[in-house]
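Each chain, written out:
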Amino acid sequence: MKIERNLEEHSLYLNMGPQHPSTHGVLRVILKLDGEYIEEAEPVLGYIHRMHEKMGENRTYAQYLPNMGRVDYLSALSYNQCYVGAVERLTGIAPPPRAEYIRVITTELNRLSSHLLWFGAYVLDLGGFTPFLYSFDDREHILDLLESITGSRLTYCYFRFGGVSKDITDDFITGTRAFIKRLRMHLPMYETLVTKNVIFINRVKEVGIITPEAARRYGVTGPALRGSGIKYDVRKNEPYSIYPEVDFDIPVQDGCDALSRYIVRMLEMEQSMRIIEQALDKLPEGPVMAPKVPKKVKPPKGDCYFAVETARGDFGIYIVSDGTETAYRIKLRTPGFSNLSIFAEISRGTLLQDAISTMGSLDLVIPEIDR
Amino acid sequence: MLLSKTKTAIESIFPLEIKEADYARVGYHLEVILDAEKVVSLAKVMMAQGFYLEDVTAIDLNPDMEVIYHYAHTEGCCRVTGRAYTPRHAPEVPTIAGIYSGANWHERETHDFFGITFKDHPYLVPLLLPEDADFHPLVKEDGKVKQLKDIKRAEVKEQAGAPAAGEGKPAPAGGEKGEKA
Amino acid sequence: MSYFGEIYTGAVSLIAGLGVTGKALFQPTVTVQYPWETIDITPTFRGHIELVTDEETGNFKCICCGLCQLNCPSHCISIKSSKPEGAKKKALDSYMLNFTTCSLCGTCVEGCPADAIKFSDDYNLAGFSREEFYFDLVKRAREEK
């Protein structure tokens, strides 16, 4: 793990980051190179550490809600969902069914936007500029849709304890259906442009091998784990919200390499669209807030754990309440943290260019790792 | 199935320490309350049972800090929480990084935030905080730190609760569905 | 794969990719030339907050209860109010919003018992100094009139 600096050796020490474009944020990786091969890699974190967990101890439960949009800004709604889910479990507030459906629809849209951004940025890391523009064009439509109901484009703060802050409109529903139709037409285009491209395949195939055994040792989750042939998704394994009521599959690939992780995410987009369509069809009428939510949420003493599947993996919140208006302890278990911790092991002995490809395939969002 | 298998496996080593939890209310199935020295043997059992490590964290309490290990399984819904206690003035727990490689970073993070020393940890330097940080942000001020009884569910409720309370109280939404599955 | 085989597959995937990008050349432009053209923003847009005036009386709806100040997670609102001689209600002297720390979460708008604050649709915000974003909402509302 630690890189011992030995100046006698003919090794090259290279700092990748903290401003390297392929680290997507401020991550620094110290690389010890032997020629073009990586002997040792040590990620250095903390450049965007904001101590969200301490903030949770100083703010009331409702005041902490906006923080959730900022831990992982690319799938903010999953984080919203996890936090309100944890507090609801702790207090026993039950959101009405319509609110649960809206939560799932918006979260899945957010997952699509996250995957689309990842897709564009990943291909950009590998040197392909054009797909980035196409995927951002598609993503823009999701942002417009979500902006029309949540009021913000990126750092959403939409869910409330016992429901959502605003009901969705008919325009949103027709807009979402139209968008799904559009994305369905565009996915084959992405396939021709990128997935079948020889250069792309050569850059990602058999690169960054994560064996199922190593994945378990490091606690890797999400598409990175499903690319290693393990069918684990919190939405299926530990169903929450309305996921048991909709029919969807968990795409799994057993190549263990960057290509498998890429394919898993591309297939997941289709599944997200299926979930949204079914949820829109089944969307019940009714209120979007539970009737008796206290103005000041004051959970009883005790602890509780709640996990959701974000675009990057298993995100869990552990809340310990001491019976007051602020939490005694809030622990955020972020998927990117565990997913990145395996990087040192899987990049050992690979080429420097493959490290870029491996890192991109893990879909890192640094603010979520540093918290 | 998975739950009972896990329970038997843990029970064979920690017959007294294991406790079943009400999943619908707390989000985990089993709770193992250990001495600090035994966290490594729990990690070994969990590894053998095919669990992965969610996180390692702690809670600052008086007089003993609580170190928490969350385990989950990829094949079903079973979550296990391990708890160990270590004195607040000189917190020390053995490392499990030798068993779960991912624990390396989680323990470094916990060391940053709470100042807990993980014995035999391969590389215990600040991970998220600056290299020269001489403070532990999540250690509470003396006036604010609470005792274990202040954050635990009232015992009476728990005893009466497990079978009966589920009917009278509105079950939390997520939990109810979780149970069905 | 043989040498020529590789060249062939490479050429095929190149042409397939060029086909996709070539098609995009003949599709309508989606980019908006921002300062010259703008797109309508949604009515739910969350800009910085502003005070609502009562249409009948022309006064602010604000009742100076201070709930927004209390609820704000980033403590960016500070209200000063006074009770003029003989008046029944408190009147707002200044409503300071420190927009540099505001995270636009909307807790203040939701918590307001009198519906006295709303989001503005002002998104063209840029300035040369931090002080430009310490808004006095009372002053702002009066200037707008």
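A quick note: this is a predicted structure, and the numbers were derived from the prediction, not measured.

Criteria and thresholds
Residues numbered from 1 in each chain as written. Chains lettered and ligands numbered in written order. Predicted model: local features only at pLDDT ≥ 70, side-chain atom pairs only at ≥ 80, totals over all residues. Helix = DSSP H or I, 4+ residues; strand = E, 2+ residues; numbered from the N terminus. Rg over C-alpha atoms; globule rule 2.2 N^0.38 Å. Contact = placed C-beta atoms within 7 Å. Buried ≥ 20, exposed ≤ 12 C-beta atoms within 10 Å, placed from the backbone. Pairing = 2+ DSSP bridges. Axes fitted to C-alpha atoms, helices over the stretch in contact; angles between N-to-C directions. Nonpolar A, V, L, I, M, F, W, Y, C, P; charged D, E, K, R; others polar. Core = buried A, V, L, I, M, F, W, Y, C linked by C-beta atoms within 7 Å. Parallel < 35°, antiparallel > 145°, perpendicular 65-115°, else oblique. Left-handed = near helix turned anticlockwise from the far one by under 90°. pLDDT = per-residue confidence, 0-100.

(A) Up close: the overall build of chain A. Along the backbone of chain A there are 15 helices and eight strands. Against the globule reference of 21 Å for 371 residues, chain A gives a C-alpha radius of gyration of 21 Å, in line with a compact fold. Partitioning the contacts of chain A with sequence separation of at least 6, the portion at a separation of at least 24 is 71%.

(B) Examining the overall build of chain B more closely. When helices and strands are tallied, chain B shows seven helices and nine strands. Relative to its 181 residues, chain B shows a buried fraction of 41%. Partitioning the contacts of chain B with sequence separation of at least 6, the portion at a separation of at least 24 is 57%.

(C) The sheet that holds strand β1 (residues 12-16) of chain A, seen in detail. Residue and element names in this part refer to chain A. Reading across the sheet, the three strands line up as β1-β2-β3 and stay open at both edges, with antiparallel pairing between neighbours. Looking along the sheet, the strands with just one partner apiece sit at the ends: β1 and β3 (37-44). The sheet shows a mean angle of 20° between the axes of neighbouring strands, direction not considered. Where strand β2 (residues 28-34) meets β3, seven bridges bridge the pair, whose relative direction is antiparallel. Residue pairing in the sheet places D34 in a bridge with Y37 of β3.

(D) The environment of L92 of chain C, seen in detail. Residue and element names in this part refer to chain C. If you trace the backbone, L92 turns up in strand β3 (residues 91-98). Taking the C-alpha atoms as reference points, L92 and E143, 51 residues apart in sequence, are found 16 Å from one another. What L92 contacts, discounting residues up to four positions off in sequence, is F60, C62, C64, I79, S81 and V138.

(E) Up close: the interface of chain B and chain A. The interface is formed by 44 residues belonging to chain B together with 45 residues belonging to chain A. Contributing elements (two or more residues each) for the side of chain B that touches chain A: α2 (23-26), β3 (51-59), α4 (103-114), α5 (148-151) and α7 (173-180) of chain B. The residue makeup of the side of chain B that touches chain A, split by class, is 22 nonpolar, 11 polar and 11 charged.

(F) Up close: the interface of chain C and chain A. Across the contact, 19 residues belong to chain C and 20 residues belong to chain A. Broken down by secondary-structure element, the contributors of at least two residues to the side of chain C that touches chain A are α1 (3-25) and α3 (107-111) of chain C. Here the side of chain C that touches chain A gets seven residues from one element, more than from any other, and that element is α1 of chain C. Here the residues of the side of chain C that touches chain A sort into seven nonpolar, 10 polar and two charged.

(G) Molecular detail of the nonpolar core. All names here are of chain A. By size, the foremost hydrophobic cluster in this structure holds 149 residues, and its most contacted members are Y83, A86, I317 and I319. For this core, the element with the highest residue contribution is helix α4 (residues 97-125), accounting for 14 residues. Residues in contact with I319, not counting those within four places in the same chain, are A86, V87, L90, D303, C304, A327 and I330.

(H) Examining the packing of α4 of chain A against helix α5 (residues 130-150) of chain A more closely. Residue and element names in this part refer to chain A. The contact between α4 and α5 brings their axes to 8 Å, and the two run at 160°. In terms of axis orientation, α4 runs roughly antiparallel to α5. Handedness of the α4/α5 crossing: left-handed. From α4, T106, L109, N110, L112, S113, L116, L117, F119, G120, A121, V123 and L124 reach across to α5, where they touch P131, F132, S135, F136, D138, R139, I142, L143, L145 and L146.

(I) Summary view of the arrangement of the chains. Once contacts are tallied for each of the two pairs of chains in contact, the highest total is for chains A and B. The smallest C-alpha distance separating chain B from chain C is 19 Å, and no contact links them.

(J) Up close: the sheet that holds β3 of chain B. Residue and element names in this part refer to chain B. Taken in spatial order, the five strands line up as β1-β2-β6-β5-β3 in an open sheet, and their pairing is mixed. The two strands at the open ends of the sheet, each matched to only one other strand, are β1 (18-20) and β3. Here the average twist between neighbouring strands, direction ignored, is 20°. Relative to strand β2 (residues 30-35), β1 runs antiparallel, the two sharing three bridges. Bridge pairing in β2 links E20 to L30. Strands in contact with helix α1 (residues 2-13) are β1, β2, β5 (64-73) and β6 (79-87); relative to β2, the strand with the most contacts, it is inclined by about 15°. The strands touched by α4 are β3 and β5; relative to β3, the strand with the most contacts, the crossing angle is about 5°.

(K) A look at the confidence of the model for chain B. Residues and elements named next belong to chain B. Across chain B, the average pLDDT comes to 79, with 85% of residues at or above 70. Taken together, the stretch residues 156-181 has pLDDT below 50 and engages in 47 contacts with residues farther than four places along the chain or on a different chain. Overall fold confidence (pTM) sits at 0.87, and the ipTM for the predicted complex is 0.86.

(L) Region of interest: the environment of L65 of chain A. Relative to the elements of secondary structure, L65 of chain A occurs in helix α2 (residues 65-71). Take L65 of chain A: there are 24 C-beta atoms within 10 Å of it, and that puts it in the buried class. Separated by 236 residues in the primary sequence, L65 of chain A and K301 of chain A place their C-alpha atoms 20 Å from one another. Look past the residues within four positions of L65 of chain A in its chain and what remains in contact with it is Y83 and C157 of chain A together with C105 of chain C.

(M) Quick look at unusual backbone geometry. The step from N62 of chain B to P63 of chain B runs through a cis peptide bond, and the omega angle for that step is 0°. A positive phi angle is found at S241 of chain A, which is not glycine, with a value near 50°. Counting through the fold element by element, S241 of chain A comes out in the loop between α10 (234-237) and α11 (258-282). A tally of 22 C-beta atoms within 10 Å means that S241 of chain A is categorised as buried. Unlike most non-glycine residues, D115 of chain C shows phi in positive territory, near 50°. Within the secondary structure layout, D115 of chain C lies in the loop between α3 and β4 (117-119). Take D115 of chain C: there are 10 C-beta atoms within 10 Å of it, and that puts it in the exposed class.

(N) Quick look at the pairing of strand β6 (residues 302-309) of chain A. Residue and element names in this part refer to chain A. The element β6 is extensively covered by neighbouring structure, given that seven of its eight residues are classed as buried. Taken together, the eight bridges between β6 and strand β7 (residues 314-321) define a ladder with antiparallel strand orientation. Within the sheet, the bridge partner assigned to A307 lies in β7 and is G316. Count of turn residues in the β6/β7 antiparallel hairpin: four residues, of which G313 carries a positive phi of about 145°.

(O) Here's a closer look at the packing of helix α6 (residues 170-195) of chain A against α1 of chain C. Direction vectors running N to C along α6 of chain A and α1 of chain C enclose 135°, while the axes themselves pass 8 Å from each other. Taken together, the axes of α6 of chain A and α1 of chain C are oblique relative to one another. Along this stretch, α6 of chain A crosses α1 of chain C, giving a crossing that reads as left-handed. Between α6 of chain A and α1 of chain C, the residues in contact are M189, T192 and L193 of chain A and A16, G17 and V20 of chain C, respectively. Across the contact of α6 of chain A with α1 of chain C, the residue classes tally to four nonpolar, two polar and no charged.

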